Amino acid sequence: MSGEIVHVLGAAGFAGAQLAALVDGHPHFALGTVTARSDAGLRLVDIYPEYRVTATMTELDVAAIAPGDFAAVCYPHAEASELVATLVDRGVRVVDVSADHRLHSAALYPEVYGFTHPREDLLAEAVYGLPELHREAIRGARLVANPGCFPTAALLALAPVRDHVIHVVVDAKSGVSGAGRRPTASVHFSSVTESVTPYKVLTHRHAPEIAQEFGQEVLFTPHLVPADRGLLASCYGRFVGDTPHPDDLLEAYRRFYAPHPFVEVVDAPPGMHAVQHNNFAQVFVTTEPRRGLFVGFGVIDNLVKGAAGQALQNLNLMAGRPETEGLG
Ligand SMILES: NC(=O)c1ccc[n+]([C@@H]2O[C@H](COP(=O)([O-])OP(=O)(O)OC[C@H]3O[C@@H](n4cnc5c(N)ncnc54)[C@H](OP(=O)(O)O)[C@@H]3O)[C@@H](O)[C@H]2O)c1
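Values in this document were obtained by computation on a predicted structure and should not be read as measured data.

Thoughts on the overall build of the protein chain
Looking only at helices and strands, the protein chain features 11 helices and 13 strands. The C-alpha radius of gyration of the protein chain comes to 19 Å, within 12% of the 20 Å expected for a compact globule of 328 residues. Classification of the 328 residues of the protein chain by burial places 54% in the buried group. Within the protein chain, contacts between residues at least 6 apart in sequence are counted, and of these 68% link residues at least 24 apart. Carbon and sulfur atoms provide 53% of the accessible area of the protein chain, an area that totals close to 13800 Å². The distance from the centre of the 24 positive side-chain charges to the centre of the 36 negative ones in the protein chain is 2 Å.

Comments concerning the site of the ligand
Within the structure, the ligand sits among 24 residues, and A15, R37, Y75, R181 and N302 are positioned closest to it. With respect to the ligand, the side chain of E79 contributes an N or O atom lying 2.9 Å from a nitrogen atom. Contact distances for the ligand include 3.1 Å between a nitrogen atom and a backbone N or O atom of S177. Bound to the protein, the ligand loses 83% of the 890 Å² it would expose on its own. Mapped onto the shell around the ligand, the elements with two or more residues apiece are α1 (14-24) and α11 (304-318). Per-class residue counts for the shell around the ligand are 11 nonpolar, 9 polar and 4 charged. Both domains that furnish three or more residues to the shell around the ligand are identified here as domain 1 (5-147 + 306-318) and domain 2 (150-301).

Notes on the packing of helix α7 (residues 149-158) against helix α9 (residues 206-214)
As a packed pair, α7 and α9 sit with axes 9 Å apart at the nearest point and diverge in direction by 30°. Between α7 and α9 lies a crossing whose hand is right-handed. Touching C149, F150, P151, A154, L155 and L158 of α7 are H206, E209, I210, E213 and F214, all from α9. For the contact of α7 with α9, the class distribution of residues is 8 nonpolar, 1 polar and 2 charged.

Looking at the domain arrangement of the protein chain
Entries for the protein chain in the domain assignment read domain 1 (5-147 + 306-318) and domain 2 (150-301). Taken together, the contacts link 25 residues of domain 1 with 24 residues of domain 2. Taking both sides of the interface into account, the surface hidden between domain 1 and domain 2 amounts to around 2100 Å²; carbon and sulfur atoms contribute 51%. Among the residues domain 1 hides against domain 2, the three largest losses belong to F14, Y128 and E132. Together they make up 26% of the total.

What to know about the packing of aromatic side chains
Evaluation of the coordinates by the stated rule reveals 10 aromatic pairs. Relative to Y48, the ring of F14 has its centre 6.3 Å away and its plane inclined at 75°; by these criteria the two rings are edge-to-face. In this pair, F14 is assigned in helix α1 and Y48 in the loop between α2 (44-47) and β3 (70-73), connecting sequence segments 34 residues apart. Look at F14 and you get partly exposed, because its relative accessible area is 24%. Taking 5.5 Å as the distance between ring centres and 65° as the angle between the ring planes, the aromatic pair formed by Y109 and F115 counts as edge-to-face. The burial state of Y109 is the same as that of F115; both residues are buried. Among the aromatic side chains, those forming a connected cluster through ring pairs are F14, Y48 and Y51.

Quick notes on the nonpolar core
Among the nonpolar cores identified, the biggest contains 44 residues, and V170, F220, C235, Y253 and F294 are the most heavily contacted of them. In terms of residue count, α7 provides more of this core than any other element does, 8 residues in total. Those residues in contact with F220 that sit more than four places away from it in its chain are F150, V170, A172, L202, H204, H206, A207 and I210. Listed in part, the 39 residues of the second largest apolar core include A15, V53, V127 and M318.

A short note on the sheet that holds strand β5 (residues 127-128)
Strand order in this open sheet of 6 strands is β2-β1-β3-β4-β6-β5, and the pairing throughout is parallel. Edge positions in the sheet fall to β2 (30-35) and β5, since each of these pairs with one other strand and no more. Here α1 sits on the sheet in contact with β1 (5-9), β2 and β3, set at roughly 160° to β2.

What to know about the side chain of Q313
Tracing the backbone shows Q313 in helix α11. Q313 gets classed as buried once you look at its relative accessible area, which sits at 0%. Within the local environment of Q313, its side chain forms a polar contact with the side chain of N279, the two groups lying 3.1 Å apart. Contacts of Q313, omitting those with residues within four sequence positions, involve P131, E132, F262, N279, K305, E323 and L327.

What counts, and where the lines are drawn
Residues numbered from 1 in each chain as written. Predicted model: local features only at pLDDT ≥ 70, side-chain atom pairs only at ≥ 80, totals over all residues. Heavy atoms only, no water. Helix = DSSP H or I, 4+ residues; strand = E, 2+ residues; numbered from the N terminus. Rg over C-alpha atoms; globule rule 2.2 N^0.38 Å. Buried < 20%, exposed > 50% of the residue type's maximum accessible area, 1.4 Å probe, protein only. Contact = heavy atoms within 4.5 Å. Areas by Shrake-Rupley, 256 points an atom, 1.4 Å probe, with all protein chains shown as cover. Lys, Arg positive; Asp, Glu negative; His and termini not counted. Charge placed at Lys NZ, Arg CZ, Asp CG, Glu CD. Near = heavy atom within 4 Å. Polar contact = N/O pair within 3.5 Å; in protein donor to acceptor, adjacent residues only side chain to side chain. Nonpolar A, V, L, I, M, F, W, Y, C, P; charged D, E, K, R; others polar. Domains from an automatic or database assignment. Axes fitted to C-alpha atoms, helices over the stretch in contact; angles between N-to-C directions. Left-handed = near helix turned anticlockwise from the far one by under 90°. Buried area = accessible area lost by both parts, 1.4 Å probe. Phe/Tyr/Trp six-rings, centres within 6.5 Å; stacked < 30°, edge-to-face > 60°. Core = buried A, V, L, I, M, F, W, Y, C linked by side-chain atoms within 4.5 Å. Pairing = 2+ DSSP bridges.

Shown next as structure tokens:
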């Protein structure tokens, strides 16, 4: 029997299509409207055959989204905030998959995202949707800001040492689907294959998001790698005070993540394959006590734990469902 309706807005994009597929396969939620602009009238299966979702995409009609329903907005940043506000004001509970409600400070939006945020009240209200840090607040939220893919992997690798490590460097690698569906020269097969390319050095928009949740600035450099899905954040830092033995730190991470069903603390540095197409994050950490060094790794599928899977995890929490429902 189906329960709450979940509408997926921006379903023709990579994150939206993945989320529509997850909601379609969910044992409790019912997939509501799936919206698109140029692809309206097509079935999702026509452009994403791998998901086998036969729902037909339609143009957005806010009137078709009833108060009490859930909606996930999968638009690009700066395009989502007005629709999110309309939906929340209407009594719809929203997960914003874009970056438009992730930063608490409205003052950062012009500098980081190039627009003036229209609703400071919703920025203040939005809960940052990393369940491993904010699970209880997510349960009651009207508006959840789904985290970015790089921040998800980095924060999961770093959160347990938040008050113990400084001078943090996050060196991250992402598959090409992180750039979305629209093709550009930099994501052309010929540009990406057999290469690894750093980009947005010192200017990537996810750095302030990581800093907000980690509580300190980090030096963040993303790289594009020749993979479709997958994201690895390699994190380096220096302990303040005593440096734990590697075994003790791993044990502390295992305790920290024991209540969190989608984080696996593993015994060796993880690769992307173990997390592709699933909602798990794998984390490994170690130390070098002589020099006070911390090294941590977080790996996720950017479209699942980094976007759509995490959105469904948040929807489960918001609806009072088991957190893992519909996520394998
Ligand atoms: N890709 C990832 O790994 C990932 C990870 C975490 C978060 N995100 C976030 O998720 C959001 C979507 O990313 P994506 O990778 O799925 O991008 P995408 O593949 O480019 O899809 C974006 C979708 O938004 C729609 N759209 C664009 N501008 C719109 C507007 N003004 N009004 C209505 N619809 C509009 C487009 O619809 P039409 O095709 O119908 O024009 C498109 O299907 C972004 O905010 C992104 O930062 C993505």
